[in-house]
Amino acid sequence: MAILKIARMGHPILHQRALPVEDPSAAAVSRFISDMFETMDDAHGVGLAAPQVHVGLRILIFFVPEERVTQVPGDGPIGLTALINPEIDLLGDETNLGWEGCLSIPGLRGAVPRHTHIRYRGQAPDGTMVDRTVAGFHARVVQHEFDHLNGILYPERMRDHRLLAFVEESARFPIDLAAYEAEPQT
Ligand code: NI
């Protein structure tokens, strides 16, 4: 087990498309995923994608803590999950605005529009297939981590950059997202 170095915004690996894992059952893959879990835990994150630790492979990990669960039906807490070669289907047209941070963009947070409902699939390190239809924050964290595999960081998904703020300042000057969500999106 090891804590890995996290790439920060500006490092080119964060803008590259990650490659499929050819042998998801390889021992090296499961060792690497253990290191990703240790790294995420050390950094107090809720998600991490392999490119964030300088490995250009299609692997992501996340969990959904109770305190981040939204009121949206289909959202709910979920334990530590690792997905190898994941796929996402965006379900329906409904989107919602919610706060995100990123271990590669420390100290900032931004309100990002994401699809409310998704289905995702991927291989777990034990060889089983994960296939879940989820909503709310659960759907948000998976979309955020999946974007990392395609070289996309959350500010690129934002439509209103007034909603990008230092965490400390946004605690001093809270923003009511409902007021922004009501604005027509053009
Ligand atoms: Ni991130």
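Everything that follows concerns the structure shown earlier in this document.
Heads up: these notes are all about the structure in this document. (Residues numbered from 1 in each chain as written. Predicted model: local features only at pLDDT ≥ 70, side-chain atom pairs only at ≥ 80, totals over all residues. Heavy atoms only, no water.)

1. So, the packing of aromatic side chains
Two measures describe an aromatic ring pair: the distance that separates the ring centres and the angle between the ring planes.
Phase 1: Counted by the stated rule, this structure contains one aromatic pair.
Phase 2: Between Phe-62 and Tyr-120, the aromatic rings sit 5.9 Å apart at their centres with planes inclined by 80 degrees, giving edge-to-face as the arrangement. With Phe-62 in strand β2 (residues 59-64) and Tyr-120 in strand β4 (residues 108-123), this residue pair connects regions lying 58 residues apart in the sequence.
Phase 3: Owing to a relative accessible area of 0%, Tyr-120 belongs among the buried residues under this scheme.
Phase 4: Taking NZ or CZ as reference, Arg-58 lies 5.8 Å from the ring centre of Phe-146, over its face.
Phase 5: It is Arg-109 that lies over the ring of Trp-99; its NZ or CZ is 4.0 Å from the centre. (Phe/Tyr/Trp six-rings, centres within 6.5 Å; stacked < 30°, edge-to-face > 60°. Helix = DSSP H or I, 4+ residues; strand = E, 2+ residues; numbered from the N terminus. Buried < 20%, exposed > 50% of the residue type's maximum accessible area, 1.4 Å probe, protein only. Lys NZ or Arg CZ within 6 Å of the ring centre and 35° of its normal.)

2. Examining the environment of Gly-47
Phase 1: By secondary structure assignment, the location of Gly-47 is in strand β1 (residues 47-49).
Phase 2: Owing to a relative accessible area of 8%, Gly-47 belongs among the buried residues under this scheme.
Phase 3: Separated by 98 residues in the primary sequence, Gly-47 and Glu-145 place their C-alpha atoms 6.6 Å from one another.
Phase 4: Residue contacts for Gly-47: discarding those within four places in its chain leaves Met-40, Gln-52, Ile-61, Phe-62, Leu-103 and Glu-145. (Contact = heavy atoms within 4.5 Å.)

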